[in-house]
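Listed below are the residues making up each chain.
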Amino acid sequence: MGMEIVASAPGKVTLFGEHAVVYGEPAIVASIDKRVYVKCKPRKDNIITISALNLNVPGIILTIDKDGEIKLETDYGKVLSAVSYIKEAIKLTQEFLDIKYGAEITISSEMPVGAGLGTSAAVAVTTIAAFAKSHGYDLNLKDIARLSWQTELKVQGIASPMDSTIATYGGFIYLRYDGKDFEFENMKGVGELPLVIGYTRRLYKTGEMVAKVRRLINRYNQLGGDLVKLIGRVVELAKKALLTNDLKTVGELMNINHGLLDTLGVSTKELNDIVYIMRGFGAYGSKLSGAGGGGVAIGVAPKRRMREIIAALKLIEATPIETSIGGKGLKIGKLKT
Ligand code: PMV
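Notes on the structure in this doc start here. Since this is a predicted model, take the numbers as computed values, not measurements.

### Quick look at the site of the ligand
Step number 1: Close to the ligand lie 14 residues, the nearest being Lys12, His19, Ser160, Thr206 and Ala291.
Step number 2: In this structure, Ser160 approaches the ligand through a side-chain N or O atom, which is 2.6 Å from an oxygen atom.
Step number 3: Between Ala291 and the ligand, the recorded distance is 2.8 Å, taken from a backbone N or O atom to an oxygen atom.
Step number 4: Using a 2 Å cut-off from the grid points, one finds that the ligand occupies the largest pocket.
Step number 5: Elements represented by at least two residues in the shell around the ligand include exactly helix H4 (162-169) and helix H5 (206-219).
Step number 6: A class-by-class count of the residues in the shell around the ligand yields five nonpolar, five polar and four charged.
Step number 7: Residues lining the shell around the ligand come from more than one domain, with at least three contributed by each of domain 1 (4-189 + 325-336) and domain 2 (195-321).

### Considering the nonpolar core
Step number 1: Core analysis: the biggest nonpolar cluster contains 90 residues, and Val13, Leu15, Phe16, Leu193, Leu195 and Leu242 have the highest contact counts within it.
Step number 2: For this core, the element with the highest residue contribution is helix H2 (residues 119-134), accounting for 10 residues.
Step number 3: Once residues lying within four places of it in the same chain are set aside, the contact partners of Leu195 are Val13, Leu15, Met254, Ile298, Gly299, Val300, Met306, Thr323 and Ile325.
Step number 4: Residues Trp149, Ala159, Ile166 and Ile173 belong to the second largest nonpolar core, which totals 10 residues.

### Some points on the pattern of salt bridges
Step number 1: As enumerated under the stated definition, the model contains 12 salt bridges in all.
Step number 2: A salt bridge links Arg43 to Glu104; the shortest N-O distance between them is 3.2 Å. Placement of the pair is Arg43 in the loop between strand E2 (27-42) and strand E3 (48-54) and Glu104 in strand E6 (residues 103-109), with a sequence separation of 61 residues.
Step number 3: The class for Glu104 is partly exposed, based on a relative accessible area of 30%.
Step number 4: For Glu185, the salt bridge goes to Lys239, with nearest N and O atoms at 3.3 Å. Of this pair, Glu185 sits in strand E8 (residues 182-186) while Lys239 sits in helix H6 (residues 221-243), and the two are 54 residues apart along the sequence.
Step number 5: With relative accessibility at 38%, the residue Glu185 sits in the partly exposed group.

What counts as what
- Residues numbered from 1 in each chain as written.
- Predicted model: local features only at pLDDT ≥ 70, side-chain atom pairs only at ≥ 80, totals over all residues.
- Heavy atoms only, no water.
- Near = heavy atom within 4 Å.
- Polar contact = N/O pair within 3.5 Å; in protein donor to acceptor, adjacent residues only side chain to side chain.
- 1 Å grid on protein atoms, 1.4 Å probe; cavity = no way out; pocket = protein on both sides within 12 Å on 5 of 7 lines; lining within 4 Å.
- Sits in = over half its atoms within 2 Å of the grid points.
- Helix = DSSP H or I, 4+ residues; strand = E, 2+ residues; numbered from the N terminus.
- Nonpolar A, V, L, I, M, F, W, Y, C, P; charged D, E, K, R; others polar.
- Domains from an automatic or database assignment.
- Core = buried A, V, L, I, M, F, W, Y, C linked by side-chain atoms within 4.5 Å.
- Buried < 20%, exposed > 50% of the residue type's maximum accessible area, 1.4 Å probe, protein only.
- Contact = heavy atoms within 4.5 Å.
- Salt bridge = Lys/Arg side-chain N within 4 Å of Asp/Glu carboxyl O.

The following block contains the structure:
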């Protein structure tokens, strides 16, 4: 019974519309070519084992104390968080398909987990697809995306379907979510988009940043609502600019989107530094991407400027991530043994 399966799913960047998407405005996300891999071997009992090969966890700290003792710390919180997504994803898949058996899961990631690159959703998507398939079930993409979103909701309490949708389908996705249901379109016409990503240590969780924005909006009711609506308008214009491959306008709209996110209180000095370094070294435009409070910022730049931007990011100790975007979503295959 069962077979050994390997599945992979991409991380993502939010090109436009984060935070406002929580209030019913549209957003545009793109897959990146960094992936999460899950190998799943079914078991004949109900035990689940998880081995994390390499979760690319940032922030390994090496300290040598006064006695010359070397201490190595890593951000175990992020590793444990990835494991809790796997556990929940399996539980929901077992319930959905009435599977009574467990599995041996091995996971690895080409990008840092918990950085705002959508790794939680990619972990959930790959686990659900690989677990189901290894027990002989072919789940369709819609069910995989839905179960993955439910996993995120269970583990983190609050989540739009943005990350689970892009991890499942890949490409460029325009999505609108009304707090209950959502609809999305795959923006097939988007041309090449030279993107640079800078990463800085993330200090706050997504839920905390979403709550911060909620407080601001509640305090300044009408004004808060207007800011969110303005982001929605930026997204609509960005959609047109992306589909006509008008990179200058895409960049300018990123600048406007970043200004509005900063106004909502989700940027940090480190993120602003990345954003301004990118612009200073020739990007058409740049913005923070994702929940903010640290994490990633993105920029669109002429290809000839990329090397310089990456060198400048290193100088301010932001980690550059070089990647193309818009690639394939979930991939799943049998493991040759
Ligand atoms: O940083 P991330 O990948 O967790 O992005 C969160 C995006 C938000 O719009 C702030 C929240 C959401 O669930 O859409």
